[in-house]
Amino acid sequence: MPAPHQPHLSPRPAPSLPHASPRPAPSVPPQLSVDQISAEQPLSLKEAAWAEPGGPCLGCPCDGAPDSPEAPEGPLDPAGAPEAYELLQSALRQEGLPRTLDRTAQPRTGFGPPDLTVCILGAPTAFLPVLLEGGTRCPGAMLLCLSPAWASRVPSETRPGAWSLLLSRAVSFEAGGRSALEAFVPPRRAAYATGAFAAAPWAAELARDLDCPTGGSAPLARLLEDPLAARGVLAARAGLPVPPTLAFALPRPGGAAPALPVPVPVPAEAAGLRLVRLGGAAGQDGLVQEEVGAFLGSAAMAPYSQVVVRPAGWRWRGSGARSTHAKAEGAAVAQAVQGRLCGLREEESVLLEALVPTARLPTPAGPTRSTSPRPPMALRICTVVCRSWGDRPQLCQVACGVGRAEAPVRHGAALPQGLDSALQQWGLTEPGQRQALGARLRRAAEAAMAAVLDMEAELTPEQRGGARVQTDVMGVDFLLTCVGDSLELMALSANTQRCLETCGLAEAMGRAVGEPAGDLPRLLAETMLHRAQRHLVEGKDILLIGAGGIGKSFVWDAARDYGLKIHLVESDPEHFAAGLAETFLPYDSTEHRRDEEHAERVAELVRARGLRPHACLCYWDDCVVLAALVCQRLGLRTNPPAAVRLAKQKSRTHQHLLRCRRGRPPPAAYAVPCCPVQSHGDVERAAAALPFPAVAKLEFGAGAVGVRLVESAGECHAHAERLWRDLRADADHPGIGLGWGNAMLLMEYVPGTEHDVDLVLFEGQLLGAWVSDNGPTRVPAFLETAACMPSCLPADRQAQLVRAAHQCCLACGLADGVFNVELKLGPGGPRLLEINPRMGGFYLRDWIREVYGADLLLAAVLVACGLRPVLPARPAARTHLAGVMCLASLHGPALRAGGGLAALRALQARGLVRLNLLFEQPEAGEYEEPYLSVACGGGTHRDACLRLLSLCQALGIDSPCYPVAHFLSHFK
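Residues numbered from 1 in each chain as written. Predicted model: local features only at pLDDT ≥ 70, side-chain atom pairs only at ≥ 80, totals over all residues. Heavy atoms only, no water.

Undergrad: Sorry if this is basic, but what is going on with the overall build of the chain here?
TA: Helix and strand counts for the chain stand at 27 helices and 32 strands. Taking all contacts inside the chain whose residues are at least 6 apart in sequence as the whole, residues at least 24 apart take part in 70%. As presented, the chain carries roughly 38,300 Å² of accessible surface, and 53% of it is formed by carbon and sulfur atoms. (Helix = DSSP H or I, 4+ residues; strand = E, 2+ residues; numbered from the N terminus. Contact = heavy atoms within 4.5 Å. Areas by Shrake-Rupley, 256 points an atom, 1.4 Å probe, with all protein chains shown as cover.)

This is the structure:
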C-alpha cells in the first residue's frame, strides 16, 4: 500500500444550491492564521465565507463591531474547499498536530447504515476541538465536510418527505490528532449532522429536512443570531435580565404572520423589552419620536446615560452598524432610529438599547497594588451550553474578554481568560464570592438554553428546518453589572459559534501552559455521538425474553422514545405488556431447567412469524440463560450461555473465581467461600467447612428473598426446612428464580458496607461504571432499606469496587453487555456477593439516568446490536439522590389507604421525588420484597437525606420499627 501523501485539492464544481451564487475564487495566503478568521481586516470573498462574521462588543449590549456605514454583503460562494482546507491546516499546525493526509487515491469501502457517522458541515475551525475529541473517542466516526461538492442528498428510505445526507468525501479524525482526507465508495450515510448554518448557506441547504438528527438549522440559527428574538426568549422564558431595549419592527410581506415567532413577553416592559410594529419605514416619524421619548424617560433607563442604535436581524449579525448617543440627545436618537429604518428589509428591526456599563468594583488596597488610576474597563462573559444526556442543558465552558470601555473588543479580537481570574482581577478577592457568582452563571446559562429548547419544541418542523432539528450547542454572552449594591449577570445575546470559538481558543491556550483538558470538547463530542447512536437503533427489531413485572414498565416508554420494535416472548398470556409489543409471542418457559428445549421452540416461533431481530435482550433475572441460548440459535450477539449459567448460579460463581489465580490481584481475591446445599446432609458438610455466622440463600434467588443470617448449623437446618417447604416452584413466589429449583447455598459472612456496581462492557472493555451505596440491611433477612448515588466513598475505594466487578465479570466469561454486580467493601477491600448478568433492577436504571444521564437500557441495546456505546467519559454527578425502600407490611396502610402513594405521585409529577413502583399488588409475609422506592435529590448527600427524612416523617414511612434516620446515617 503506497504511503499517504499530502493532498492537492482542485476545486470541483459545486452542485446548484438555492443559496449559492458562484463568484471568482481569490487566492489564499499560503499560511492563513486562525486568528485571521475574526481579525478586523478586509477578507477576500472566499475567506469571508469561512470567517467569523464579527463578534459582540465588550462593555455594551450590542453585538456589532465598530461603526460601518454599509449593510452586510449577501450570501457568498461557499464552494472554496481549498481555502477552507488551508484554514484547517493552519489550525492543526497551531495545535501542534500533523497536516491532513490524502487517502482519496484509495477510496474507503464497506460503510453502511449501521456505521456511526457524525458530519460537521463547514466550520473548519469552530468545531476542531470537537472533531479531535471525537476522533479519540470513536476513530473515523467524526467527519468534516468542507464543500457541497463532497456531499449529496437523496430521498430517505425510512422517512417519507425527508432526505438522507451522503458523503462522498470528507476529512476524518483519529486518535492522536491525526486526520485524513477520505473518499467513500459508496457514499457514507450521516447519522448526525451539524455545522456553520449561519455562515455557510450551502451547509444549511444540505442539512435541511434530513432523516437523521441535526444539531441546528438556518431558521434556528437566524433566530438565535437575531438579538431581538434571542432577548425575547432569554427575558420572557428564562427570566434573565436583559438591557432595556426598544425595538421597531417592519411588517412581514403581505401582512403575513412571521415565519418564526419573536417571543417577546406581554407586557413587554416587564422583561425590559418593548416591541413597536410599524406600518412601514415611511410616515412613522411621529410614532418613532413619541416612543423614543417615552423610552429615554422611562424608569428602566434611569440608571444609564448612554444608548446604542443599531439594526437587528440575522443578516446584520456582526456587521458593526451602530451608533452611540447620550441619553439626553433625544432628537438625535430619534433621527438615528429613523435613519436605520430606511435601510431595513422586511422581518428586520432597529434596536434602541441602554449602554450598560460593566460593574466597577473597588481595587483592593495592598502593598503590591499600583496606585495609578485604573481606566474604565469592560468585561464580557462568554458561555457555551450544550444539550447533554437526557436533553438537559449543561454548561460546558466559560471564557471572559476584557477591554477598554471606550474601545470595545469583539469575539476573537482579544485573548480570553478564565472566569475566576477575571473576577479576581475585577476586585472579587473572596473565593466564596467568586464561586457563588460562578454558580449563578451556570444556572443562568443553563436556564437560557432550557428556554431555547422549550421555545423550539413549540415550533413546527417547517419552522425548525426539519422534523429532526434541534439546537444542541449555543453560546450566551453575559455582562457583569451593578444593580443597586449587588452584582447582576445581564444576558446580552445568544449565538451559534462565536462563543464556541472563543472558548475553544481558551482551551488551547490552557493546554500550552500545562492546564488539564477542559470539558468543552468532550461534552460536545459525546452529545453528537450519542444522538447519532440513538439514530442508529431507530427501527431496530429487538427480541425481548421475559417482560417482568410492573417495575420493568419503563422499558415500553423507552422503546417508544428510541423507536425500537419490541417482539416479546412471555410466559403469561395475559401480561399487561402484550398490547404494547410489536409482536407478542406467548410461550411458557417458567421451568428453566428445560431452557435448552425452550430455546429451540422460541427460535422456531420467531422463524415461523418471519421475524428477523437485530438483537435479543433480557432484563428479567429468570430468563437470562434462555435469552443467551436463543441468541445462540438465531445467530445474534451474546455472551456464551455457559458464562451466563456460571454467573446465574451463585455457588458456581464463587467456586469458579476461587480457582482463578492469575492477575494482580487475582479474581480469587474477591470470591467468598461457600457450599451448595440441596439436602440436610449438605448442611452438615457446609457447617463443618465454614465459620458461623454465615449467610444462607437461594442458589438462583433474586430480590434477597430467602436470604438469612444463621448463627449455627441448627439455624441453617431450620431455615432450609422452611424454604424447601414454602418455596418449591415458581408459582409459590414468581420472579425469584424458583423455575431453576430451590437449592440453597451457605456462604461465609462478609462484614463491610454493601454496594452495587453497574457496568457496561463491550468486547471485554469497560465503557462505563456507576457505584451506589446501600444502607444497612434488615438483619437477619438482609432486605435492602436505603441507598444513595453517587457513592459517598472516596474515589480510590470506588475504583477498588469497579476493578473487582470488572475482573469478576471477565473471569466468568461475561464480556458484552450491561451487568449488575453486588459487593461488600471492608477494610481489606471488596468481596463479591453475586453477579447479575443483566441490567440492574429496582431503581438503578432510573437513578443512573437522573444522576449521570447515561441510559443502561440504550447501552444494552447498542451492545446487543454490535455497536460500541458512547458513554460519559468522565461522568460528573448532576445531583445527589438518597432513597428508601417501602414494605407493604409496614407502609401499605399509610401509602394506600392513607393517600401517601397519591401524594408521592403528585410530587413526582412536579419533579420533587423519584418514585419507582416495584409491585402493583404487594404481598406481606415472611418472604416479603420491597414494595416501592422513593428518593429525593439535593446538591449534596446531606441535602438529599434531609429532604428524604422529612418526607418519610410526613408520610409515616419513618417509624421506630423502620428508623429511616438510622438507615440514612450511613451515607456520609
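Having seen the model, we can carry on.
Undergrad: Can you help me understand the sheet that holds strand β23 (residues 708-710) in this one?
TA: Hydrogen bonds between backbone groups are what pair the strands of a sheet, and the pairing can be parallel or antiparallel. Spatially, β21-β24-β22-β23 is the arrangement adopted by the four strands of the open sheet, whose pairing is antiparallel. At either end of the open sheet lies a strand with only one pairing partner, and these are β21 (674-677) and β23. Going across the sheet, the axis of each strand differs from the next one's by a mean of 30 degrees, ignoring polarity. Pairing of β21 with strand β24 (residues 744-748), which is carried by four bridges, proceeds in the antiparallel orientation. Bridge pairing in β24 places C675 opposite L746. Contacts from helix α18 (residues 650-658) reach β21, β22 (694-698) and β24, with the element oriented near 145 degrees to β21. The sheet contacts of helix α19 (residues 680-689) involve β21 and β24, and relative to β21 the element is tilted by about 170 degrees. (Pairing = 2+ DSSP bridges. Axes fitted to C-alpha atoms, helices over the stretch in contact; angles between N-to-C directions.)

Undergrad: What exactly am I supposed to notice about the nonpolar core here?
TA: In globular proteins that are soluble, nonpolar side chains generally tend to be buried together. In this structure, L121, L165, V760 and V934 are the most contacted members of the largest nonpolar core, which totals 151 residues. Counting 49 residues, the second largest nonpolar core, distinct from the first, contains L585, V802, C809 and L825. (Core = buried A, V, L, I, M, F, W, Y, C linked by side-chain atoms within 4.5 Å. Buried < 20%, exposed > 50% of the residue type's maximum accessible area, 1.4 Å probe, protein only.)

Undergrad: Just to check I follow, could you spell out the pattern of salt bridges for this structure?
TA: For side chains bearing opposite charge, pairing can occur when the charged atoms are close. Considering all chains together, one arrives at 46 salt bridges under this definition. The salt bridge involving R387 is made with E456; its shortest N-O contact spans 3.8 Å. Here R387, found in strand β13 (residues 377-388), pairs with E456, found in helix α10 (residues 431-457); they are 69 residues apart in sequence, far enough to count as distant. Here R387 and E456 have matching classes, each one buried. Taking the shortest distance from any N to any O, the salt bridge between K697 and E834 comes out at 3.8 Å. Placement of the pair is K697 in strand β22 and E834 in strand β29 (residues 829-836), with a sequence separation of 137 residues. (Salt bridge = Lys/Arg side-chain N within 4 Å of Asp/Glu carboxyl O.)

Undergrad: When you look at helix α20 (residues 713-726) in this model, what are you seeing that I'm missing?
TA: An α-helical segment advances 3.6 residues per turn. Residues three or four places apart therefore align on the same side. Relative to the 20 Å expected for 14 residues at 1.5 Å per residue, α20 spans 20 Å between its end C-alpha atoms, a close match to the ideal helical length. Listed as buried for α20 are C716, H717, H719, A720, L723 and W724. Of the surrounding elements, those touching the buried residues of α20 are β21, α19, β22, β23 and β24. (Expected span 1.5 Å × (residues − 1).)

Undergrad: What is the right way to look at the environment of G764 in this model?
TA: As for its position among the elements, G764 is in the loop between β25 (753-762) and β26 (765-774). Through-space distance from the C-alpha of G764 to that of L814 is 7.5 Å; in sequence the pair is 50 residues apart. Once you skip the residues sitting within four places of it in the chain, G764 turns out to touch H806, L810 and A815.

Undergrad: Would you take a moment to explain the confidence of the model for the chain for this structure?
TA: Detailed reading of the predicted model is not advised wherever pLDDT is low. Mean pLDDT over the chain: 85, with 87% of residues reaching 70 or higher. When the criterion is pLDDT under 50, residues 1-78 qualifies, and its contacts beyond four places in sequence or with other chains add up to 195 contacts. Residue range residues 255-268 is modelled with pLDDT below 50. Its contacts to residues more than four positions away, or to other chains, number 27 contacts. (pLDDT = per-residue confidence, 0-100.)

Undergrad: What should I look at first to understand the environment of S152 in this one?
TA: Assignment of secondary structure puts S152 in strand β4 (residues 151-155). In the structure, S152 is positioned 13 residues away from L165 in sequence and 6.0 Å away in space, judged by C-alpha atoms. In this view, S152 contacts S164, L165 and L166; residues no more than four positions away in its chain are not counted.

Undergrad: Explain the pairing of strand β8 (residues 245-249) here, please?
TA: The two faces of the sheet receive side chains in turn, since in a regular strand these alternate between them. In terms of burial, β8 is largely enclosed, as five of its five residues are buried. Of the two faces of β8, the one carrying T245, A247 and A249 and the one carrying L246 and F248 are both buried. Strand direction decides the pairing type here: β8 and strand β9 (residues 273-277), joined by five bridges, are parallel. Counted as the bridge partner of F248 is V276 from β9. In this structure, β8 lies alongside strand β12 (residues 349-354), joined through five bridges in antiparallel fashion.

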